[in-house]
Amino acid sequence: MKPEQQASYEAIKGLDKVYLVGGAVRDQLLGLTSHDKDYVVVGASAAQMKALGFIPVGKDFPVFLHPETKDEYALARTERKVGAGYTGFSVDASQTVTLEEDLARRDLSINAMALSTSGELVDPYNGKDDLEHKILRHTTNAFTEDPVRVLRLARFLARYGKQWRIHASTKKLVKQMLAAGELHHLVPERVFKETEKALSEHEPQLYFEALKELGVLSVLFPELHDMVNVPQPPQHHPEGDVFIHTMLAVNRAAQLNFDLATRFATLTHDFSKAVSFQERGDLLGHEGAGIAVIDAFCARLRVPNKLRDLAKLTSLNHLHCHRLFELTPKTLHKVIIDSMNALKQPERFTQFLQACQCDAQGRGPTLINSPYPQREYAQYLLNALQGINTKAVVKQAIGEGKTGPDLSEAVRIAQIQCIKEAARIFHNRPSSFNKAALAAIKAPSK
């Protein structure tokens, strides 16, 4: 036995009943690698755990870190509902709590299995059978006591895909929770935390579609719910209403493995279409109207500023991006430099272009693989702008007697000229990237 294995064994050999639980068991049965391993200890006390060297970390209930592996070991516990929301619980972690009682408090049957140190599977709620049949089913009626579980339910659908389904009895429980007003007790940070995880899954659109099917989208995400049945011009959007389009665009972002910021910007880029349609009966000018909607959404859910800012910029500029080849050098400068600040935030500019690509390709099966040369064109222009020797431009302007605002204007003129020349080269270049031509674009200098 290796020294680290010996140390691990020494820490747990004094515990009679230790079980691997939750996601680690589920993933093992699915043939997946689980990075986090959680254990439940039955029949032990907090004092006994400390005596064995386990490090206490739990505030609301006894959770300990293994002294060597740092895996989590929690005392078996039960929870009794005593108040509203996910914090309204009374916890019993006494030595009399059984493994089955501990598993009963878990959300879904696929998460309510345990594996003993000898390899015996403990499955009182038929989680293995639900895994095999791709069913998401609540463990007990205790599911209704924590509204976060509704979000987790939808998130698991986003993780595992369309082959999975939510059991009818679980849907019924969610509707009971909705009628009881339990979802109104969700803490904004918890809502966004689950949503952030869902957006990072393989099929994030299924999270929002599931919440819509469950009838809770209007409570949790009214901005998305308001998109439903908002019509779009069929010549531009053959896929259907704004909600359908948004879901297709978000799915496209996942297919292309774009990061969270891009996926969030894609989710929110058309938030204002519902407002525009309600106010005027059309979608004209919706991109600017989206700023206030995104601001309110992000403030309500405590969304990080980095995500909020990209979302607002994407809402404001995505139509400019689609029409990039029609824009004059001056307008291109306004978009790339003034609005997007791409020279100082090139990564954000790339995320913006990716979100615009998802918007364009998220319009049904006939357009999903359609080319989006605007993204390459915009990056080409940015690369050219990054090659400008700004110091040389300013030095030349000073030599010509210019001062103050005239120096900034000299830089702006040089940038516009650079865009003009880069655009000419781009349109006349071979199909492959012409580095030599790009290198030839230089600002005037002396």
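Just so it is clear, the model here is predicted, and its values are computed rather than measured.

### Structural notes on the side chain of Arg106
The topology assignment puts Arg106 in the loop between α4 (99-104) and β8 (114-116). Once you skip the residues sitting within four places of it in the chain, Arg106 turns out to touch Val21, Val40, Asn111, Ala112, Thr139 and Arg149.

### Quick look at unusual backbone geometry
Non-glycine residue Asn229 carries a positive phi angle of around 70 degrees. Structurally, the position occupied by Asn229 is in the loop between α11 (222-225) and α12 (242-255). Asn229 gets classed as exposed once you look at its relative accessible area, which sits at 63%. The phi angle at Arg302 is positive, at roughly 60 degrees, despite the residue not being glycine. Mapping Arg302 onto the fold places it in the loop between α15 (286-301) and α16 (305-322). Arg302 sits in the partly exposed class, given a relative accessible area of 49%.

### Observations regarding helix α18 (residues 346-361)
Compared with an ideal rise of 1.5 Å per residue, which puts 16 residues at 22 Å, α18 spans 23 Å between its outermost C-alpha atoms and is within 8% of the ideal. The buried count for α18 comes to 13 of 16 residues, which makes it a mostly enclosed element.

### Details of helix α2 (residues 23-30)
Owing to its 3.6 residues per turn, the α-helix brings residues three or four apart onto one side. Buried within α2 are the following residues: Ala24, Val25, Arg26 and Asp27. On the buried face of α2, the contacting elements are β1 (17-21), β8, β9 (121-122), α5 (127-132) and α6 (148-160). Phi for Gly31, located one or two positions after α2, is positive at around 80 degrees.

### Some thoughts on the sheet that holds strand β5 (residues 72-75)
Strand order in this open sheet of seven strands is β3-β4-β5-β2-β1-β8-β9, and the pairing throughout is mixed. The outermost strands of the open sheet, each flanked by one partner alone, are β3 (55-56) and β9. Sheet topology places β8 next to β9; two bridges connect them, and they run antiparallel. The partner of Leu115 across the bridge, within β9, is Leu121. The strands touched by α2 within the sheet are β1, β8 and β9, with β1 carrying the most contacts at an inclination of about 60 degrees.

### Some points on the packing of aromatic side chains
Enumeration according to the criterion identifies 16 aromatic pairs in this entry. Members of the aromatic cluster, connected to one another through ring pairs, are Phe192, Tyr207, Phe208, Phe221, Phe264, Phe271 and Phe297. When the ring centre of Phe156 is taken as reference, the NZ or CZ atom of Arg155 above it lies at 5.6 Å.

### Points about the environment of Asp71
Turning to its location among the elements, Asp71 is positioned in the loop between β4 (63-65) and β5. Asp71 sits 33 residues away from Asp38 along the chain, and the two C-alpha atoms are 6.3 Å apart. Those residues in contact with Asp71 that lie beyond four places of it in its chain are Lys37, Tyr39, Phe64, Leu65 and His66.

### Here we look at the pattern of salt bridges
Within this structure, the stated rule accounts for 17 salt bridges. With a shortest N-O distance of 2.7 Å, Arg300 and Glu223 are connected by a salt bridge. In this pair, Arg300 sits in helix α15 while Glu223 sits in helix α11, placing the two residues 77 residues apart along the sequence. Look at Arg300 and you get partly exposed, because its relative accessible area is 30%. Here Glu223 falls in the buried class, since its relative accessible area comes to 10%. For Glu400, the salt bridge is made with Lys402, and the minimal N-O distance between the two is 3.6 Å. Classification of Lys402 by relative accessible area gives partly exposed; the value is 32%. Salt bridges sharing common partners tie together Arg155, Arg159, Glu194 and Glu201.

Quick notes on the rules
- Residues numbered from 1 in each chain as written.
- Predicted model: local features only at pLDDT ≥ 70, side-chain atom pairs only at ≥ 80, totals over all residues.
- Heavy atoms only, no water.
- Helix = DSSP H or I, 4+ residues; strand = E, 2+ residues; numbered from the N terminus.
- Contact = heavy atoms within 4.5 Å.
- Buried < 20%, exposed > 50% of the residue type's maximum accessible area, 1.4 Å probe, protein only.
- Expected span 1.5 Å × (residues − 1).
- Pairing = 2+ DSSP bridges.
- Axes fitted to C-alpha atoms, helices over the stretch in contact; angles between N-to-C directions.
- Phe/Tyr/Trp six-rings, centres within 6.5 Å; stacked < 30°, edge-to-face > 60°.
- Lys NZ or Arg CZ within 6 Å of the ring centre and 35° of its normal.
- Salt bridge = Lys/Arg side-chain N within 4 Å of Asp/Glu carboxyl O.

Note that all results are geometric; they support no functional claim without further evidence.
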